[in-house]
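# Structural features, examined
Read off the chains here:
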Amino acid sequence: RTGFPYEKWRYNEEYPTRVWDHILRRGSNRDKWGFVTHTNDETSQAYYTWMSGNVDGDGRRQLENQNDDANQQGSWWSELSSSLDWIQSRHNNVKTYFIEEDGHCSFGLYYGMQQDGFDEWAGSIFSEDQFGIVGNATSPAIGLFFLSAFLGVALAAGAIRSSHQKDREVHTPGANGSDSLLSSDKSTSQGAVLKADARRAILYSLGFLSRFQSYPITAGYLLTTTLYFWTMILSQGFVHPINNPSLGPGSISLSTFGINNPSLVVYNMQIFRLLTSSFLFSGVLTYLLGIWSVIKCTIPLERDLKDNSLVFLTVTVMIAAGCNLVYAMFGSGASCGTMSLILGWNSFDIAMNKKRGESTCKMMTGTLFLFLLVSLVFPFDSWIMLLSAILLGTIFAKFLLEEEESQRTNASSVSEEDEWLDHAGDDNMSSTNYSIRRRPLFVFSGIYGILFVVLVARLRQPDRLYQNAFYTGCTLLHTDEVGTVMNMVDNDRRRRGLEEGGNDFDYDNMCAEFCVPNIAALGTVFRVYLVVGLQLQKGQCQDLGCEDHLVDKTFSFATYSLDVEIFTQSNNYDDDGGGERM
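Residues numbered from 1 in each chain as written. Predicted model: local features only at pLDDT ≥ 70, side-chain atom pairs only at ≥ 80, totals over all residues. Heavy atoms only, no water.

Scanning the entire structure with this criterion turns up 23 aromatic pairs. Relative to Y15, the ring of F4 lies with its centre 5.8 Å away and its plane at 80°, an arrangement referred to as edge-to-face. One end of the pair, F4, is in the segment before α1 (6-9); the other, Y15, is in helix α2 (residues 15-26), and 11 residues separate them in sequence. Judged by relative accessible area, which is 17%, F4 ranks as buried. When its relative accessible area of 30% is taken as the criterion, Y15 is described as partly exposed. (Phe/Tyr/Trp six-rings, centres within 6.5 Å; stacked < 30°, edge-to-face > 60°. Helix = DSSP H or I, 4+ residues; strand = E, 2+ residues; numbered from the N terminus. Buried < 20%, exposed > 50% of the residue type's maximum accessible area, 1.4 Å probe, protein only.)

This paragraph deals with the packing of helix α9 (residues 216-236) against helix α14 (residues 309-330). The contact between α9 and α14 brings their axes to 9 Å, and the two run at 45°. One element, α9, and the other, α14, form an angle in the oblique class. Along the contact surface, α9 presents P216, I217 and T218, while α14 presents S309, F312 and L313. Classifying every residue of the contact of α9 with α14 gives four nonpolar, two polar and no charged. (Axes fitted to C-alpha atoms, helices over the stretch in contact; angles between N-to-C directions. Parallel < 35°, antiparallel > 145°, perpendicular 65-115°, else oblique. Contact = heavy atoms within 4.5 Å. Nonpolar A, V, L, I, M, F, W, Y, C, P; charged D, E, K, R; others polar.)

Okay, helix α18 (residues 438-456) next. Over its 19 residues, α18 runs 26 Å from end to end, which matches the ideal 27 Å to within 8%, given 1.5 Å per residue. The inward-facing, buried residues of α18 abut α11 (262-267), α14, α17 (383-399) and β6 (433-436). Following α18 by one or two positions, R458 has its phi on the positive side, about 60°. (Expected span 1.5 Å × (residues − 1).)

With that settled, consider the confidence of the model for the protein. Segments scoring low in pLDDT should not have their predicted coordinates read at a detailed level. Summarising the model, the protein shows a mean pLDDT of 77, and 72% of its residues fall at 70 or more. In this model residues 166-187 is a low-confidence stretch, pLDDT under 50, and it forms 20 contacts with partners more than four residues away in sequence or in other chains. Every residue in residues 573-582 is under pLDDT 50, and counting partners more than four places away or in other chains gives 29 contacts. (pLDDT = per-residue confidence, 0-100.)

It is a probe the size of a water molecule, rolled over the atoms, that shows where empty space is left. Taken as a whole, this structure holds one cavity of 30 Å³ or more when the rule is applied. What the largest cavity holds in volume is close to 30 Å³. Lining the largest cavity we find L301, D304, L305, D349, M352, R356 and Y434. Put simply, the parts of the chain that give the lining of the largest cavity at least two residues each are α13 (284-304) and α15 (338-355). The residue inventory of the lining of the largest cavity, partitioned by class, reads four nonpolar, no polar and three charged. (1 Å grid on protein atoms, 1.4 Å probe; cavity = no way out; pocket = protein on both sides within 12 Å on 5 of 7 lines; lining within 4 Å. Points joined across faces, edges and corners; volume = space filled by probe spheres on them.)

In this section: a negative patch on the surface. Taken together, the side chains of E42, E100, E101 and D102 define an acidic patch exposed on the protein surface. By residue number, the principal contributor to the negative patch is strand β2 (residues 94-102), which donates three residues. (Patch = residues over 30% accessible without salt bridge, like charges linked within 9 Å, V, L, I, M, F, W, Y side chains within 5 Å. Areas by Shrake-Rupley, 256 points an atom, 1.4 Å probe, with all protein chains shown as cover. Salt bridge = Lys/Arg side-chain N within 4 Å of Asp/Glu carboxyl O. Lys, Arg positive; Asp, Glu negative; His and termini not counted. Charge placed at Lys NZ, Arg CZ, Asp CG, Glu CD.)

All right, on to the state of the cysteines then. Following the criterion strictly, the structure yields two disulfides and no others. The disulfide partner of C474 is C515, and the S-S distance across this bridge is 1.8 Å. With the S-S dihedral at roughly 50°, the linkage between C474 and C515 falls on the right-handed side. With a gap of 41 residues between them, C474 in strand β7 (residues 474-479) and C515 in strand β8 (residues 510-517) connect regions that are remote in the sequence. Residue classification places C474 among the buried residues on the basis of a relative accessible area of 7%. For C515, a relative accessible area of 15% gives the class buried. With its sulfur 2.1 Å from that of its partner, C511 forms a disulfide with C541. Since a negative S-S torsion denotes a left-handed disulfide, the C511-C541 link at about -80° is left-handed. With C511 in strand β8 and C541 in the loop between β9 (537-538) and β10 (548-557), this residue pair connects regions lying 30 residues apart in the sequence. (Disulfide = S-S within 2.5 Å.)

Turning our eyes to something else, we now look at a nonpolar patch on the surface. On the surface, a nonpolar cluster with roughly 470 Å² of combined accessible area is contributed by W383, L387, L391, I395 and F399. For F399, the position within the fold is in helix α17. Judged by its relative accessible area of 42%, F399 falls in the partly exposed class.

The interhelical angle for the contact between α15 and helix α16 (residues 361-377), taken along N-to-C directions, is 160°, at an axis separation of 10 Å. Put simply, α15 runs roughly antiparallel to α16. Our pair here, α15 against α16, has a crossing hand that is left-handed. Only M363, M364, T367, L370, F371 and V374 of α16 make contact with α15, whose side of the interface consists of M339, L343, N346, D349, I350, N353 and K354. Taken together, the residues of the contact of α15 with α16 break down into eight nonpolar, three polar and two charged. (Left-handed = near helix turned anticlockwise from the far one by under 90°.)

Counting 76 residues, the largest nonpolar core has L280, W345, F348 and F396 as the members making the most contacts within it. Core analysis: the second largest hydrophobic core is formed by 15 residues, M510, A512, F514 and L562 among them. (Core = buried A, V, L, I, M, F, W, Y, C linked by side-chain atoms within 4.5 Å.)

Here we come to α14. Helix length check: α14 (22 residues) gives 32 Å between terminal C-alpha atoms against 32 Å at 1.5 Å per residue, within 8%. Counting buried positions along α14 yields 16 of 22 residues, so the element is predominantly enclosed.

Let us now look at the pattern of salt bridges. When their charged atoms lie close together, side chains carrying opposite charge are able to pair. Throughout the structure, instances matching the rule amount to five salt bridges. A salt bridge links R90 to D21, with the shortest nitrogen-to-oxygen separation between them at 3.2 Å. In this pair, R90 sits in helix α4 (residues 69-90) while D21 sits in helix α2, placing the two residues 69 residues apart along the sequence. With relative accessibility at 44%, the residue R90 sits in the partly exposed group. Through salt bridges with shared partners, a single network forms among D21, R25 and R90.

So, in structure tokens, the structure goes:
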């Protein structure tokens, strides 16, 4: 499947080098590779001894002078260096780093991070393209957001412009019934023809945009969020449904696209997240739920306010800004804001219908269902933001709007494109005019300003852990019952290696740390306790004074894998004592 000529190299001592070369040639030159090793690695040398090509009577491969440590180390280092030099001569995207001491590297970066200069070397490998429009974890997709927003604003502005276009006639009838302006008369100058074509194109565009003239703000919002969302999906892909039950990308990708993260807002001054969050869906399921709710509820709401586009826009901005500020003040982790804004619209519509004496039971049931479903099932949509948006929508409908007058409009004036919204069947429709009350608007704006100052001045101190976007997608759990954890390890050799450390080895001074997906965290705590009697607590091993990384272990459950890290206290397990680092 990989296309590697296995039969050609299977018995050749260069087999591993050729496999790596094959992988590098099939991959992109933009992919960066790093190779880290100690200059004297007894574990690697042991494997090298048994795989050297000299086979004894038991079928085991070993060096001619197996007991000659100097010969073993020299041969191992010579062949390793030659292999790396050959790879680097053919691929300029491979870098090496040598730790000038005895030891063996695990898959983590613990030992490398103890060396001066390693962070800079590793940073050059892990660094990402800073200029792509999609962005990365350290350079969010601001360019893509503004491009999507520009197209959405253009659609909304064009729809509003078309609603004010009174003259839709391009032609001026001539004596023979033809179009005198667009006629092909030889007397017509080329400039006049071009001018007429341009005007006709503009009017045709306005004719298309007139489809959205009764809900321009919502149409622009749908275009922006749709472009932004599907670009995220195409560029970032999907993670395991346990990590994101809404069927979307992981926490790092959502952070790249501007999810609301109080820790990044406060400590990294990424204020833009208070805006971009309201245009970001967490996954396909929330996107479909949101689109359905907008079509059924939000578009009819704006149509009722179609002569008051500024009113609807003001309410939208106040709900979006309010729920994001509230979450940044009282929430932790990360949360998208699209479903919050949509539920805020719903609650605003419910309150407006109550004021008019209309039935709201069906809409209230739907809104409550959406709130419970989204807040309980989708971890990247916080109940704090959802509930605050619902409350703000209700409050704004009661205190922010002022009814000016009411009039009735015959349904025949409704465009054919709006029939699918279930309004064309009514003989008459309400067209109540509303205006914004200035005093309540100033009061709410002042409150928002105070909340914003509190965040910028860092009077609010969110958990710094979530500056690392990875941890917003999971809950950190730990336990000091490492003996129970080690009994679950199926690699007996690794467990024996830990247990052979001598009398100074003490499980009581060790800690195991898990990062469990948010949706499974609570169930994991109870399930693990019931099955194996293991008590898991929220937090990190460093809370128990265990900061030295010892070993990693991956547990697999069906299609999902969970990484476990084991830490020890610095005076419990060192290289000079009886233990051996794995």
